[in-house]
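Below, each chain spelled out in residue letters.
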Amino acid sequence: MSLELVESCKKGDEAAWGQLVEATYREVYGLCLRILRDPDDAAEATQDAYLKAWRALGGFRGDSMFSTWLYRVAANSAISKLRGRKRRREHEAQTDEETLAQAPGSASTHGSALASLDREQLEQALRSLAEHYRVAVVLRDVYGLSIEEIAKEMKISETAAKVRVHRGRKKLRDLMFEDSNE
Amino acid sequence: MSESTEMTCAEVREMLPAYANGDQPSLAVRRHLSRCPGCPEEMARYRALVTTIRTLESRTMDPPAELLVSLSRIPSEAGRIDVIRVHVARNRRAYAGGAAVALAGAAGAALWQVRRQRLAAA
């Protein structure tokens, strides 16, 4: 994503905005979908994210990569939607036991652990993680947000964010290498 | 484990997720990894996991076809959306009042209907 394109958008150039959207919206939609797990909610969160991004573009100073900035805006929209949805559907929360019961089946673990993992299986494992672990791992490991950024977006302490990433990775490892648990 | 001061496999494995993204483990963990037959394999699992997770960013999922169009229109429509939001916020009390009147009307009509049916039955 070129800074020139972002600068043109800041000046209100609608054609530049179209290019910026075209170059980024699949990843942003993917982030929202991985957090929300529902295509309609993800599309709404994506729209909300770009509306916020359009309004806040003036505040983007180029200190970080534009994609990281946009991911933060998208994470904020998706997490807000998650909270709103949670208020409506309190039963959404899953226990760890339920999560493990929904394991997608283990990866091939008899061979080397370095063998490339099945990405669809990994997506499935991510989807089955409890919400607080899923959001933390998706933001940290898929989209590269820092612990500080995750803590801000999730409105939790940095220590709590670190713990969620740590435990989330552990649960993913258990899901993906099920028969290697000792 | 030859010395009691050295870390156990359980202690090391508890810490491994923190090094999954390639961060250098502490000296004590590295010492354990260099001697343990099983833990390096476990470390490799975590690293393979995070390496593969990172590749998911580029694994795009198909967004709804109309999404791109609506996102591209944001510059021309953002102003209009703001106007609608401000209007709704300013007139929230009036809308709430209107809804209350409509509800009261519906309740009155229902009561009147019940009363009429009772009278007809009598």
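Everything below is about the structure printed above this text.
Each chain carries its own residue numbering, running from 1 in the direction its sequence is written. Labels are handed out in written order, letters beginning with A for the chains and numbers beginning with 1 for the ligands. Where totals are concerned, whole chains, interfaces and linings use all residues; where local detail is concerned, this predicted model gives features only for residues with pLDDT of at least 70, and gives and counts side-chain atom pairs only at 80 or more. Only heavy atoms go into the side-chain values, all of them from the structure, while hydrogens and water stay out.

Engineer: Explain the overall build of chain B residue by residue, including any values.
Structural biologist: Helix and strand assignments follow DSSP, with helices taken as H or I runs no shorter than four residues and strands as E runs no shorter than two, numbered in order from the N terminus. Secondary structure summary: chain B contains six helices and zero strands in total. For chain B, the N- to C-terminal ordering of α and β elements is α-α-α-α-α-α. A 1.4 Å probe rolled over the protein chains alone gives each residue an accessible area, and that area as a share of the maximum for its type sets the label: buried under 20%, exposed over 50%, partly exposed in between. In chain B, which comprises 122 residues, the share counted as buried stands at 27%. In chain B, 49% of the contacts between residues at least 6 apart in sequence involve partners at least 24 apart. Roughly 8100 Å² of accessible area belongs to chain B as shown, and the carbon and sulfur atoms make up 58% of that amount. Note on definitions: a residue-residue contact is assigned when non-hydrogen atoms from the two residues lie within 4.5 Å. The Shrake-Rupley method, run with a 1.4 Å probe, gives the accessible areas here. Residue values count only the displayed protein chains as cover.

Engineer: Break down the pattern of salt bridges for me, with residues and values.
Structural biologist: If the charged atoms of two oppositely charged side chains come close together, the side chains can form a pair. For salt bridges, the criterion is a side-chain nitrogen of Lys or Arg within 4 Å of an Asp or Glu carboxyl oxygen. Tallied over the full model, the rule gives 17 salt bridges over all chains. Between E44 of chain A and K81 of chain A there is a salt bridge, with the nearest N and O atoms lying 2.8 Å from each other. Of the two residues, E44 of chain A is situated in helix α3 (residues 39–56) and K81 of chain A in helix α4 (residues 66–88); the sequence distance between them amounts to 37 residues. Here E41 of chain B makes a salt bridge to R45 of chain B, at a shortest N to O gap of 3.9 Å.

Engineer: So what's going on with the interface of chain A and chain B? Residues and values would help.
Structural biologist: Counting residues at the interface gives 44 residues for chain A and 40 residues for chain B. For the interface between chain A and chain B, the tally reads four salt bridges. We define a polar contact as two N or O atoms separated by no more than 3.5 Å, with the added condition that, inside protein, one atom must be a possible hydrogen donor and the other a possible acceptor, whereas residues neighbouring each other in sequence contribute only through side-chain atom pairs. Taken together, chain A and chain B are joined by 12 residue pairs in polar contact (both at pLDDT 80 or more). Considering each element in turn, the side of chain A that touches chain B owes the most residues, 12 residues, to helix α2 (residues 14–36) of chain A. Each residue is assigned to one class: nonpolar for Ala, Val, Leu, Ile, Met, Phe, Trp, Tyr, Cys and Pro, charged for Asp, Glu, Lys and Arg, and polar for all the others, Gly among them. Its residues assigned to classes, the side of chain A that touches chain B shows 21 nonpolar, eight polar and 15 charged.

Engineer: Please provide a residue-by-residue account of the environment of I74 of chain B, values included.
Structural biologist: Within the fold, I74 of chain B resides in helix α5 (residues 74–90). Judged by relative accessible area, which is 7%, I74 of chain B ranks as buried. The contact partners of I74 of chain B, leaving out residues within four places of it in the chain, are W17, Q47, Y50, L51 and W54 of chain A.

Engineer: Tell me about the nonpolar core, and name the residues and values.
Structural biologist: Each nonpolar core is a collection of buried residues, namely Ala, Val, Leu, Ile, Met, Phe, Trp, Tyr and Cys, held together in the definition by side-chain atoms within 4.5 Å. W17, I35, Y50, L139 and L172 of chain A are the most contacted members of the largest nonpolar core, which has 68 residues in total. Top contributing element to this core by residue count: α2 of chain A, with 12 residues. Of the residues that make up this core, three or more belong to each of domain 1 (1–92) and domain 2 (94–182) of chain A. Leave out the neighbours within four places in its chain, and W17 of chain A touches C9, Y50, W54 and L57 of chain A together with L71, S72, I74 and P75 of chain B. Within the second largest apolar cluster, 12 residues are counted, among which are L16, L33, C39 and V50 of chain B. Domain limits in this description derive from either an automatic procedure or a database domain assignment.

Engineer: Can you tell me about the environment of L122 of chain A, naming the residues and giving the values?
Structural biologist: When you line up the elements, L122 of chain A lands in helix α6 (residues 119–128). On the accessibility criterion, L122 of chain A (0% relative accessible area) is buried. Between the C-alpha atom of L122 of chain A and that of R173 of chain A, which follows or precedes it by 51 residues, the distance is 9.8 Å. Among residues more than four places away in sequence, those in contact with L122 of chain A are L172 and M176 of chain A together with L49, T52, I53 and L56 of chain B.

Engineer: Talk me through the packing of aromatic side chains; I want residue IDs and the actual numbers.
Structural biologist: All names here are of chain A. Working definition: a ring pair exists when centres of Phe, Tyr or Trp rings (six-membered ring for Trp) sit within 6.5 Å. Plane angles under 30 degrees give stacked, over 60 give edge-to-face, the rest tilted. Tallied over the entire structure, the rule returns six aromatic pairs over all chains. Here the aromatic rings of F60 and F66 are separated by 5.3 Å at their centres, their planes lie at 80 degrees, and the arrangement is edge-to-face. Grouping residues by exposure puts F60 and F66 together as buried. Their ring planes at 50 degrees and their centres at 5.4 Å tell us that F60 and W69 sit as a pair that is tilted.

Engineer: Could you give an account of the packing of helix α8 (residues 147–154) of chain A against helix α9 (residues 158–176) of chain A, with specific residues and numbers?
Structural biologist: All names here are of chain A. Two numbers describe how α8 lies on α9: the axes approach to 8 Å, and their chain directions differ by 105 degrees. With respect to their mutual orientation, α8 and α9 come out roughly perpendicular. In contact with I147, E148, I150, A151 and M154 of α8, α9 contributes E158, A161, K162, R164 and V165. Here the residues of the contact of α8 with α9 are counted per class, giving six nonpolar, no polar and four charged. Each axis is a line fitted through C-alpha atoms, taken for helices only over the stretch in contact, and angles between the N-to-C directions span 0 to 180 degrees. Should an angle lie under 35 degrees it is considered roughly parallel, over 145 roughly antiparallel, and from 65 to 115 roughly perpendicular; all remaining angles are considered oblique.

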